[in-house]
Amino acid sequence: MRLDKWLWAARFYKTRSLATEEISKGRVQVNQLEAKPARDIKTGDTVAMRQGPIIRTVVVHGLSQQRGSAPVAQQLYEETAESMRMREAATEQRRMNPEPASSIEHGRPTKRDRRSLEKAQNKNWGDRWSASVEP
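All values reported here derive from a predicted model rather than from experimental measurement. (Residues numbered from 1 in each chain as written. Predicted model: local features only at pLDDT ≥ 70, side-chain atom pairs only at ≥ 80, totals over all residues. Heavy atoms only, no water.)

A. Structural view of the side chain of S83. Within the fold, S83 resides in helix α4 (residues 81-96). Setting aside residues no more than four positions away along its own chain, S83 makes contact with I55, R56 and T57. (Helix = DSSP H or I, 4+ residues; strand = E, 2+ residues; numbered from the N terminus. Contact = heavy atoms within 4.5 Å.)

Set out below in structure tokens:
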């Protein structure tokens, strides 16, 4: 069975073309070797794939020509214990040290926000036209 078809059927990628693209970029290995989308896989093969910052390693237990439901797809593979440990550690790391950019709730201020900021800044100065103290 083709590798790209199996990755699609096992629900690792939403479409076959996405699976093919990821394999072509070198993000998927079979038995620790670079793979091509048309590579044949069989039960017992080890497939390592990088999905974002996480590397998942699974052992192929079954082959399917069609994409089924998630419970059926999960029977096609078994994730290795080391892969699960690494994934949980990465999740914990992300939880403990969140990305600084994700804390920004809003982007640029709207026109209304800008006007209220200017009003608040000008309120402190009063009606004076300069920052110097009047004699």
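Past the structure itself, the notes keep going.
B. Examining the side chain of E22 more closely. Among the secondary structure elements, E22 is positioned in helix α2 (residues 16-24). Contact partners of E22, with chain neighbours within four places excluded, come to Y13, R27, V28 and R50.

C. How the structure looks around the pattern of salt bridges. Considering all chains together, one arrives at nine salt bridges under this definition. As a salt-bridge pair, K25 and E21 come within 3.2 Å of each other at their nearest N and O atoms. Take E21: its relative accessible area is 39%, and that puts it in the partly exposed class. Across the salt bridge formed by R56 and E79, the nearest N and O atoms sit 3.3 Å from each other. One end of the pair, R56, is in strand β4 (residues 54-60); the other, E79, is in strand β5 (residues 77-79), with 23 residues separating them in the sequence. Residue class for R56 comes out buried when judged on its relative accessible area of 16%. Residue E79 is classed as buried on the basis of its relative accessible area of 10%. (Salt bridge = Lys/Arg side-chain N within 4 Å of Asp/Glu carboxyl O. Buried < 20%, exposed > 50% of the residue type's maximum accessible area, 1.4 Å probe, protein only.)

D. Examining the nonpolar core more closely. Ranked by internal contacts, the top residues of the largest apolar core, which has 19 residues, are L3, W6, L7, F12, V28, V47 and M49. With three residues, the single largest contributor to this core is helix α1 (residues 3-9). (Core = buried A, V, L, I, M, F, W, Y, C linked by side-chain atoms within 4.5 Å.)

E. Summary view of the confidence of the model for the protein chain. Confidence in the prediction of the protein chain, expressed as mean pLDDT, is 86, and 87% of residues score 70 or more. Taken element by element, the predicted model of the protein chain shows its lowest mean pLDDT in helix α5 (residues 111-125) (79) and its highest in strand β1 (residues 28-30) (95). (pLDDT = per-residue confidence, 0-100.)

F. Molecular detail of the sheet that holds strand β3 (residues 46-51). Overall, antiparallel pairing links the five strands, which are arranged β2-β1-β3-β4-β5 in an open sheet. Looking at which strands have only one partner, the edges of the open sheet turn out to be β2 (33-34) and β5. Strand direction decides the pairing type here: β3 and β4, joined by six bridges, are antiparallel. Across the sheet, residue Q51 finds its bridge partner in β4, namely I54. Against the sheet, α4 engages β4 and β5, with an angle of about 155 degrees to β4. (Pairing = 2+ DSSP bridges. Axes fitted to C-alpha atoms, helices over the stretch in contact; angles between N-to-C directions.)

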